[in-house]
Amino acid sequence: MEVGEVAADGAEVASGPRGKVTITEIARQAGVSVPTVSRVVNGRSDVSPRTRARVEDLLLRHGYRKRTAASGSGAALLDLVFNDLDSPWAVEIIRGVEDVAHAAGVGTVVSAIHGRSGDAREWMRNLRARASDGVILVTSALEPVLHEELRALGVPLVVVDPAGSPALDVPTIGAANWSGGMAATEHLLSLGHRRIGLIAGPPRLLCSRARLDGYRAALEGAGIAHDKSLVVPGDFHPESGFSGCTTLLDLPEPPTAIFAASDQMALGAIEALRRRGLRVPEDMSVVGFDDLPEVRWSAPPLTTVRQPLADMGKLAVRTVLRLARDEQPDSPRVELGTELVVRASTAPAAGTGSTG
């Protein structure tokens, strides 16, 4: 049976980037029937684990993939992979991805791998079975062996907001986190604040480190020594904003303003202040990062750094579709601009009379 013909159960099949291979040849090397290989290709469950593993290994070595529906985009199905899906931040990325994918007639499968090796490997098995045409990986690091499998399958990969330093041949899309962190801190400095606390994001993420560096650069530019006690750890979730704010308030000399490295942490910090009987911004100014839709309706509306999350998702789809058409992106490393959005959660430091 030649590549491009219909398999025994009606599935079309095609060879990968390593040249032509027949499903008959895969079956011969695996020592199984052609229908058995076809069942593995189509993700059927009626194949023993040992046989499935043997066939999948041969499929991988030959770069063999199912044929996907032809379209002008060069792809029919994309995988969008997050570490976790428990944040409105992820919803904004998905919204941008879906806008462009839907317009291009391309389906999207959304997954979360939770930073666990077993989940990532299960996702890879599912990806091979459904023959995805491209992968968008968001704030996650892929094990080198899984990255090699994607490369062997000829599946293009784009990383949004990379957790670490991806391979040089993988395009990345991020935001101007350093300048965003600097803008947030400079805004508070312009209001007369000199003790500015930071609730930082996870240090393993490049975006967290960049926001921290921007904060430090703004303080240095204002001639203010960096006080390590004013920087507390967080994980981008509200609970860590609450606990981080509590830690800052318990200092012998608390800050007069807080920059939280995500909107959700900023909302957690505001709740901690409320429980202490402190008012925002009269007693403490608070700045977030992301500009999620909900923060316009917080009490008070949150001053924050707008990160173009939906636009990052849109650009990721356009980039992976170009790769699926064997075209190269205009730039392998893209940073979209951030913007300070001033609302009612920041005010001049007490006794300064500053108007910014």
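Each chain has its residues counted from 1, following the order in which its sequence is written. For a predicted model such as this one, the threshold for reporting local features is a pLDDT of at least 70, and the threshold for listing and counting side-chain atom pairs is 80 or more; totals across whole chains, interfaces and linings nevertheless cover every residue. Heavy atoms throughout the structure, all of them, feed into the side-chain values; hydrogens and water do not.

(A) The confidence of the model for the chain, seen in detail. Think of pLDDT as the predictor's per-residue confidence, scored from 0 to 100. The predicted model of the chain averages 87 in pLDDT, with 88% of residues at 70 or higher. The contact rule is simple, with two residues in contact once any of their heavy atoms fall within 4.5 Å. Predicted confidence for residues 1–19 stays below pLDDT 50, and this span has 58 contacts to residues more than four positions away or in other chains. Low pLDDT (under 50) marks residues 67–71, which in the prediction has eight contacts with non-local residues, meaning those over four places away or in another chain.

(B) Quick look at the packing of aromatic side chains. To pair, rings of Phe, Tyr and Trp, with the six-membered ring standing in for Trp, must have centres within 6.5 Å; the planes then decide the type, stacked if under 30 degrees apart, edge-to-face if over 60, and tilted in the middle. If you walk through the whole model with that rule in mind, you get zero aromatic pairs. Above the plane of the ring of F289 lies R211, whose end atom (NZ or CZ) is 3.8 Å from the centre. Ring-over charges, as used throughout, are those where CZ of Arg or NZ of Lys falls within 6 Å of the ring centre and within 35 degrees of the ring normal.

(C) Up close: the environment of T172. Numbering of helices and strands runs from the N terminus, with a helix taken as a DSSP run of H or I at least four residues long and a strand as a DSSP run of E at least two residues long. Tracing the backbone through its elements, the reader meets T172 in strand β7 (residues 172–175). Taking the C-alpha atoms as reference points, T172 and V334, 162 residues apart in sequence, are found 6.3 Å from one another. What T172 contacts, discounting residues up to four positions off in sequence, is V159, P162, P166, P332, R333 and V334.

(D) The arrangement of the packing of helix α2 (residues 34–41) against helix α3 (residues 49–61) in detail. At a minimum axis distance of 10 Å, the contact between α2 and α3 shows a crossing angle of 80°. Classed by the angle they form, the pair α2 and α3 counts as roughly perpendicular. Judged by residue contacts, T36, V37, V40 and V41 of α2 engage T51, R52, V55, E56 and L59 from α3. Helix axes are fitted to C-alpha atoms over the stretch in contact, other axes to C-alpha atoms as well, and angles between N-to-C directions run from 0 to 180 degrees. If an angle is under 35 degrees, it is roughly parallel; if it is over 145, roughly antiparallel; if it lies from 65 to 115, roughly perpendicular; otherwise it is oblique.

(E) Representation of the sheet that holds strand β14 (residues 339–341) within the structure. Any two strands with at least two DSSP bridges between them are considered paired. Overall, mixed pairing links the six strands, which are arranged β9-β8-β10-β11-β12-β14 in an open sheet. Sheet topology places β9 (231–232) and β14 at the edges, where each strand pairs with a single neighbour. Direction of pairing for strand β12 (residues 303–306) relative to β14: antiparallel, over a ladder of three bridges. Across the sheet, T304 pairs through a bridge with V341, a residue of β14. Against the sheet, helix α9 (residues 238–249) makes contact with β8 (196–199), β9 and β10 (257–260), and its axis sits at roughly 150° relative to β8, the strand it touches most.

(F) Spatial organisation of the nonpolar core. We define the nonpolar core as a collection of buried residues of types Ala, Val, Leu, Ile, Met, Phe, Trp, Tyr and Cys that are connected through side-chain atoms lying within 4.5 Å of one another. The buried label applies to any residue whose accessible area, calculated with a 1.4 Å probe on protein chains only, is under 20% of its type's maximum; exposed applies above 50%, and partly exposed to all values in between. Core analysis: the largest hydrophobic core is formed by 42 residues, its most contacted members being I196, I199, Y215, C245, F259, L273 and V286. Looking at this core, the elements that each hand over two or more residues are α7 (177–190), β8, α8 (206–221), α9, β10, α10 (263–275) and β11 (285–290). Broken down by element, the residue count for this core peaks at six residues, all from α10. With residues near it in sequence (within four places) discarded, L273 still touches C245, L249, L278, V280, M284 and V286. W89, A316, V317 and L336 belong to the second largest nonpolar core, which has 25 residues in total.

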